[in-house]
Amino acid sequence: MDARRFQLLLPAAIALPGVVVALLTGLSGVSAFVADRPLILAPVPASVAEAAGNRDAADVVVMSASADMNRPVPTRIPRRLHEPAMLTPLEAAVVSERGYMIRLVRDRGARLDAEELRTLRCIAQSRKDRGTIAYLAQLDSSPLVCDGVSIPY
Amino acid sequence: MEAAAAGLLKVEKWLLTALFAIAVSASVFRIPIQVSDSDEILEGVDRAPSVVAAFTQGLHASRTMLRPMRQTVTKLLLEAAHGIGDRYNLVFRGFHAATAALLILLFTYVARPRDWTAVAALCFAMLVLTGLHTFGGMMREAYPINHFLLIAIYCLAAFAIAESSGGIVADVAACVIFVVASLTLESGLVVLAIGIAAYVSGLRGISRGALIAMAVLAAGYVVLRVAGLHMIGNTVGERQTGFGTDMLSTADLRARFGGTPWLLYAYTIVCSALTVPLSQPVAGQWTAFAPWDPDAPPLFFLNDIGTSLVATALVIWYMSRRAVPDGPRRWRDAAPLTMLAVLAGSATLSYAYAKSEIMSAAGVFYALVVYLAVRELAQVLMTHTSASLRVPVLLLVLAISSAWSFRAMGLQYRLQRGAFEARSEWVLRLPPYSNPPVPAAEARLTPRLRDEALHRGRTNPYLLWPPYARLWGEN
């Protein structure tokens with residue numbers, strides 16, 4: 001490589017990654033300002049069960065006004081499940097391993113009968129999450145039998 | 001021809017700056033007003049009948065913190081929000097976004113790139129500026145205004161004044177900035193250190209008379225704090241802080257350092273000074289050296305520390321050089337000396353507890369010196385690199401610049417994550433899930449703030465793939 005070309009390429013090598021970042025994030029920022037939607041790390045449309053499974057307390061509150069809080073729907077929880085599963089918001093809340101989320105989903109209208117509670121306890125048991133196990137044990141501390149309960153994932 | 005090239009250069013540097021500014025400010029704007037550190041002060045300041053009353057309220061808000069400008073600016077913004085139909089998020093988040101953009105614009109103004117090599121160096125320095133963890137602290141949270149960001153702006157503005165040709169307007173502006181900065185946050189006192197460092201290095205934009213006036217004002221600040229308001233300094237256990245690989249609670253701190261506070265203070269000052277050039281420790285805690293989860297090793301630490309070591313080595317190389325043979329070494333130049341002054345001053349002021357945000361102004365000046373160092377290194381490499389080394393040098397430079405760009409992209413993730421968490425707070429930090437920050441009977445703004453936050457949908461980081469937290473960390 002001759003000296004002249006090197007003198008051209010060196011500043012380019014210094015600047016290129018920064019220019020790429022500036023263009024990517026700058027244009028994404030313009031989109032966020034104009035359309036309230038960034039181009040990078042954009043919001044992913046989600047159901048109320050996915051909100052419950054992915055710790056989105058705010059979306060659970062907002063969506064609960066119009067969504068069926070008891071209907072199982074295909075639910076993505078990338079941190080907990082390898083594949084989407086058919087879950088109710090309450091089941092998704094247990095899979096999230098956050099006790100507060102179970103309470104929130106119940107407060108927002110999800111029904112919890114004895115059979116559903118048993119399913120939830122079995123899900124929590126299968127995940128070995130102490131927090132949700134303890135939370136659900138406050139609701140029903142009877143001995144847990146999971147025979148015949150199908151874990152929905 | 002030369003005029004056209006100069007015009008193109010000007011357009012390019014400001015276009016680049018504008019893109020970085022828009023990128024950061026757009027993400028900052030998406031973060032809702034927080035519950036923690038914001039709701040209570042907003043409610044309190046809103047009850048103040050005037051801006052002067054808010055300032056007075058700020059004088060007596062704490063026994064250790066003298067920050068009345070926090071209440072004053074909050075009151076001004078609240079009045080603006082009331083004036084346009086109680087649109088609090090628009091005003092407060094807009095103010096934060098605008099000040100974020102202003103910091104980046106000021107950075108370019110102070111750097112003054114004058115050729116293409118300098119613009120390339122500026123591009124690299126922008127990655128360092130926005131990629132440093134100290135920068136994130138200025139953007140992610142607000143209380144409800146981010147006074148650390150304001151301090152960084154005041155510091156850069158003071159430096160810009162010192163670089164100017166001076167005069168009575170410059171002197172008055174420097175003194176006003178010092179007063180406003182020191183009443184915004186204790187860290188604002190470093191504006192005086194900037195004035196002195198700039199003067200010692202040969203800049204005369206702030207005259208000796210103005211420096212004396214600032215010193216008198218600093219003395220007045222001490223008198224106001226100690227004799228007027230009977231305030232005390234921070235003591236051990238006032239806030240949690242890191243020690244070694246642990247984050248110690250206030251109770252732990254009192255138990256371990258109650259009898260030997262100097263040990264904690266010395267540790268915290270040294271660690272605060274180290275966090276800018278090394279990216280570790282974070283808030284006094286050596287997070288990179290804590291036990292790693294073998295299933296998800298936080299490899300971003302390697303990139304953070306590695307890129308910082310390279311940049312710091314570059315800064316040391318630059319500061320040890322001389323502009324002319326037998327001339328003074330570059331560490332005595334204005335920008336490096338000011339960086340050292342801000343680093344030392346900010347670290348000293350954070351003696352009782354470490355916090356990345358306190359070091360954010362030092363991080364800005366660090367990025368400025370990186371800019372100067374890269375510019376000089378490029379010139380040296382252009383003239384001294386042998387033919388056989390040119391390709392390896394290019395690849396190495398590209399790799400280092402790419403590693404910093406990875407860090408800068410991490411800021412975007414952290415800000416989106418911050419927006420998600422701030423929005424969730426409006427459910428989880430209020431009844432029935434937590435005690436309210438303000439009793440319901442006194443909460444005049446809270447219902448509207450909650451409504452605004454909940455109805456601004458934000459990116460859920462837990463739904464994204466790949467799991468970006470592994471790339472850039474949780475915070």
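Here the structure is a predicted model, which is why all the values come from computation and not from measurement.

### Concerning the interface of chain A and chain B
Phase 1: Each side of the interface is counted separately: chain A has 44 residues, and chain B has 53 residues.
Phase 2: Looking at the side of chain A that touches chain B, the element that brings in the most residues is helix α1 (residues 3–35) of chain A, giving 23 residues.
Phase 3: Of the residues assigned to the side of chain A that touches chain B, the class counts are 32 nonpolar, 7 polar and 5 charged.

### Here we look at the nonpolar core
Phase 1: In this structure, A125, C155 and V370 of chain B are the most contacted members of the largest nonpolar core, which totals 171 residues.
Phase 2: Mapping this core onto the domain boundaries places at least three of its residues in each of domain 1 (1–42) and domain 2 (48–139) of chain A.
Phase 3: Leaving out residues up to four positions away in the same chain, V370 of chain B has contacts with A125, V128, A311, L314 and V315 of chain B.
Phase 4: The next biggest cluster of nonpolar side chains, apart from the first, holds 12 residues, and it includes F257, V282, Y353 and A354 of chain B.

### Points about unusual backbone geometry
Phase 1: Following Y143 of chain B, the chain continues into P144 of chain B via a peptide bond in cis, with omega recorded as -5°.
Phase 2: Within the fold, P144 of chain B resides in the loop between α7 (133–140) and α8 (147–163).
Phase 3: Omega for the bond connecting Q280 of chain B with P281 of chain B falls within 30 degrees of zero, at -10°, which places this linkage in the cis form.
Phase 4: Locating P281 of chain B in the fold gives a position in the loop between α13 (261–278) and α14 (300–320).
Phase 5: Despite not being glycine, D36 of chain A has its phi angle at roughly 55°, a positive value.
Phase 6: Among the secondary structure elements, D36 of chain A is positioned in the loop between α1 and α2 (48–53).
Phase 7: On the basis of neighbour counts, which here come to 14 C-beta atoms within 10 Å, the residue D36 of chain A falls in the partly exposed class.
Phase 8: Although it is not a glycine, H230 of chain B sits at a positive phi angle of roughly 55°.
Phase 9: Within the secondary structure, H230 of chain B is located in the loop between α11 (208–228) and β1 (241–243).
Phase 10: Residue classification places H230 of chain B among the exposed residues on the basis of 8 C-beta atoms within 10 Å.

### Some remarks on the domain arrangement of chain A
How big an interface is tends to be stated in terms of the accessible area lost upon association of its parts.
Phase 1: Partitioning chain A into structural domains gives domain 1 (1–42) and domain 2 (48–139).
Phase 2: Taking only C-alpha atoms into account, the centre of domain 1 of chain A sits 41 Å from that of domain 2 of chain A.

### Overview of the environment of A100 of chain B
Residues and elements named next belong to chain B.
Phase 1: Tracing the chain through its elements places A100 in helix α5 (residues 88–111).
Phase 2: Accessibility expressed as a C-beta count within 10 Å gives 26 for A100, which makes it buried.
Phase 3: Sequence separation between A100 and F29 is 71 residues; the distance between their C-alpha atoms is 9.7 Å.
Phase 4: Once you skip the residues sitting within four places of it in the chain, A100 turns out to touch V24, S25, V28, M139 and L149.

### As for the confidence of the model for chain B
Phase 1: Of the residues in chain B, 99% reach a pLDDT of 70 or more, and the chain-wide mean stands at 94.
Phase 2: Listed scores for the predicted complex are pTM 0.95 and ipTM 0.94.

About the thresholds
- Residues numbered from 1 in each chain as written.
- Chains lettered and ligands numbered in written order.
- Predicted model: local features only at pLDDT ≥ 70, side-chain atom pairs only at ≥ 80, totals over all residues.
- Contact = placed C-beta atoms within 7 Å.
- Helix = DSSP H or I, 4+ residues; strand = E, 2+ residues; numbered from the N terminus.
- Nonpolar A, V, L, I, M, F, W, Y, C, P; charged D, E, K, R; others polar.
- Core = buried A, V, L, I, M, F, W, Y, C linked by C-beta atoms within 7 Å.
- Buried ≥ 20, exposed ≤ 12 C-beta atoms within 10 Å, placed from the backbone.
- Domains from an automatic or database assignment.
- pLDDT = per-residue confidence, 0-100.

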